[in-house]
Amino acid sequence: MVKRNRNIGRLKAAYLFPEIARLRREFAAQHPDAKIISMGVGNTTEPILPHIAAGLTEGARRLERAETYSGYADEGLAELREQISGVYYKVAFGIDEIFISDGSKCDIGRLQTLFGPEVNIAVQDPSYPVYVDGSVVIGAAGKDDTASGGGYSGIRYLPCTPENNYFPDLSNIENDSIIYFCSPNNPTGAAADKRQLSSLVAAALRTGSIIVYDAAYSDYIRDGALPKTIYEIPDADKCAIEVNSFSKSAGFTGVRLGWSVVPKGLRFAGGESVNADWSRLTSTIFNGASNIAQYGGLAALDGEGQREIRQMTDFYLENASLIRGALNTLKIDCVGGDNSPYIWARFPGRASWEVFAELLEKYHIVTTPGSGFGPAGESFIRFSAFSHRAGIEEACRRLTAR
Ligand code: PLP
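Notes on the structure follow. (Residues numbered from 1 in each chain as written. Predicted model: local features only at pLDDT ≥ 70, side-chain atom pairs only at ≥ 80, totals over all residues. Heavy atoms only, no water.)

An order of β2-β8-β7-β6-β5-β3-β4 is seen for the seven strands of this open sheet, with the pairing classed as mixed. Strands at the two margins of the open sheet, each flanked by one partner only, are β2 (98–101) and β4 (155–159). Strand-to-strand twist in this sheet, taken as the mean axis angle between neighbours without regard to direction, amounts to 20°. Pairing of β2 with strand β8 (residues 258–261) involves four bridges; the strand directions are antiparallel. Residue pairing in the sheet places isoleucine 100 in a bridge with tryptophan 259 of β8. In the packing of helix α9 (residues 274–285) onto the sheet, contacts are made with β2, β6 (210–214), β7 (240–245) and β8, and the angle to β2 comes to roughly 25°. (Pairing = 2+ DSSP bridges. Helix = DSSP H or I, 4+ residues; strand = E, 2+ residues; numbered from the N terminus. Axes fitted to C-alpha atoms, helices over the stretch in contact; angles between N-to-C directions. Contact = heavy atoms within 4.5 Å.)

Laid out in structure tokens, this is it:
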């Protein structure tokens, strides 16, 4: 018999979101009349706006005609890569430094394959689960599963707490690490400023590390002083890869389209090009993003598409502001929601799963327990603004009525 991959067996419990879905189903079965409102997952709810949707339709139509039909597109349409470079990056990257993908989560998984099991890992704690779980799966999380507060011994957890204003102490990063850093952050909603990101880049250069910068929520940044990409920081192109996505900006969570930037200046210890290896790896285990999705992406990047992205992200930010308003009325300490669709609420002295259960049982609201994002998330709850407006308004009424 084939032996199970022991690293899969080392993953802690079920993946967070299927577990939440299971608890929701269980509650719904016991309370069939309850009108459950989801403020839990990061899944978009609003329809794709007309101009971007027309781009997707055009992408499908092109497949009907011999003159416009296309098959595999390897690293992605050149035009799309040029547009991404122009719209998102002032330091215009060459199209061979931008790789189109089926989303940033998938890119993170493939990057983990690229770096392999021998690297050190540092993550913000709390953090989006794939950084840790994906590292466990490829065997980069060390040997001991019960180290430091329930974490993995091969991973340096960098606590992001109210005490450090949700920006970690970087002095703990080991040499030669992959540093996962997400801003605006899921789950805390914190967005790092220029000074903070400059210290992150300095720490990576000092320790010979590579930052995997997850900018999936960059289109939610409203404060003009906050960097939207790590490459606003000088020398980041020598130590950082960036992943980004159309999921949360254009509503492409189900369409699937994202990209990675791997600058040509980025080198491994032996001087080898990270860009060349990434190109080799992605062409080996990935056959490119859907060409239909890529035409949607092109529409999202022109003037009208950018206006629609603004409209979509404004909508979710208004939801976030309603949630924050309700939590403020209840005098619950919270952050986020201003440059991000997530609000991070603190319940001192209480376990996250206990607060999750109370919110579900009393108010019929599904949230996400902070401890599911890492040890430092204990006693926190993440509220997501990805919900229909009527649901958010009803949830706020329920929370503040009692
Ligand atoms: N990165 C972060 C921080 C996320 O929160 C998510 C989705 O919730 C993703 C990446 C995944 O994005 P995609 O849909 O592009 O795979």
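And the narrative resumes.
Under the definition given, this model contains 21 salt bridges. Ionic pairing is found between glutamate 26 and arginine 22, a salt bridge with its closest N-O pair at 2.7 Å. Here glutamate 26 pairs with arginine 22, and both are found in helix α2 (residues 16–30), just four residues apart, close to one helical turn. Under the relative-accessibility criterion, glutamate 26 is labelled partly exposed at 38%. Here aspartate 96 and lysine 264 are joined by a salt bridge, their closest N and O atoms 2.5 Å apart. Pair noted here: aspartate 96 is in the loop between α4 (78–88) and β2 and lysine 264 is in the loop between β8 and α9, with a separation of 168 residues, a long-range link. Among the ionic contacts, a cluster of salt bridges with common partners joins Arg350, Glu354, Glu358 and Lys362. (Salt bridge = Lys/Arg side-chain N within 4 Å of Asp/Glu carboxyl O. Buried < 20%, exposed > 50% of the residue type's maximum accessible area, 1.4 Å probe, protein only.)

Turning our eyes to something else, we now look at the nonpolar core. Membership of the largest hydrophobic core comes to 45 residues, with the highest contact counts inside it found for Leu80, Ile84, Ile211, Ile230, Phe246 and Trp259. Within the residue set of this core, elements represented by two or more residues are α3 (50–62), α4, β2, β5 (177–182), α7 (194–207), β6, β8 and α10 (291–301). Judged by nonpolar contacts, the second largest core, of 38 residues, contains Tyr166, Phe347, Phe356 and Ala395. (Core = buried A, V, L, I, M, F, W, Y, C linked by side-chain atoms within 4.5 Å.)

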